[in-house]
Amino acid sequence: MIAPDDRRRLFNCQTNHQQPDWAGYRGLVLCGVCADKYGACLSCQPVDDAEFFTVYGVLATGECDAISDTVDGAGLDDGITLARDLAALSGLPLQFCRALPEGLQ
C-alpha cells in the first residue's frame, strides 16, 4: 500500500491522488513544462525554460496523460527521481522528452 504522502507526490495530477491503471499505458515520458501568459501548461520545454517537470503516461493511442508534476522550481534531478520512481512502480519503460539533454538514463 502506498502512503498518503507518497500518493500526493507520485499521483498529484490524478483524481484524488489515486494510482492510475497502468495497463492503459505503454510507457512514461518526463518533460520540462512552463506556463504561457494565459497560464496554460506548455510541455516539451528545455531545462533552462522549465518551471517544473511532469511525468506523462503514454496511452496506446499516443496521447499523454499527466501522472505527476514536480513542485514549481524543481530541478531536472527532481524530475528524474520522480520519473524513475513511477517507472519502478508501474513497470513501464521511461523516456525523456527530446527537449531535455541527451544521454539521460
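Predicted model only: the values in this text are computed from it and were never measured.

Caption draft 1: Expanded view of the nonpolar core. Of all hydrophobic cores here, the largest spans 27 residues; its most connected members are Phe11, Trp22, Leu28, Leu30, Val55, Leu86 and Leu100. Apart from residues no more than four positions distant in its own chain, Trp22 is found in contact with Phe11, Leu28, Ile67, Leu86, Leu89, Ser90 and Leu92.

Caption draft 2: Focus on the state of the cysteines. For the structure shown, the criterion picks out 0 disulfides. Here Cys13 stays unpaired: no disulfide links it, and the sulfur of Cys41, its closest cysteine neighbor, is 8.4 Å away. In this structure Cys64 is a free cysteine whose sulfur lies 6.9 Å from that of Cys31, the closest cysteine sulfur available. The exposure class of Cys64 is partly exposed, given its relative accessible area of 45%.

Caption draft 3: The arrangement of unusual backbone geometry in detail. For His17, which is not a glycine, the phi torsion comes out positive at approximately 55°. In this model, Cys44 sits at a positive phi of 65°, which is unusual for a non-glycine residue. Following the sequence through the fold, Cys44 ends up in strand β2 (residues 41-45).

The rules we used
- Numbers given for residues are sequential positions, taken from 1 along each chain in its written order.
- Note on the predicted model: pLDDT of at least 70 is required for a residue's local features to be given, and 80 or more for side-chain atom pairs to be given and counted; whole-chain, interface and lining totals, by contrast, use all residues.
- Neither water nor hydrogens contribute to the side-chain values; these are computed over all heavy atoms in the structure.
- What makes a nonpolar core is a set of buried Ala, Val, Leu, Ile, Met, Phe, Trp, Tyr and Cys residues whose side-chain atoms join them at distances within 4.5 Å.
- Note on classification: 1.4 Å probe, protein chains only; a residue is buried when its accessible area is under 20% of the maximum for its type, exposed when over 50%, partly exposed between these limits.
- Throughout, a residue-residue contact means that at least one pair of heavy atoms, one from each residue, lies within 4.5 Å.
- Sulfur atoms of two cysteines make up a disulfide when they are within 2.5 Å.
- Secondary structure elements are defined from DSSP: runs of H or I of at least 4 residues count as helices, runs of E of at least 2 residues count as strands, and each element is numbered from the N terminus.

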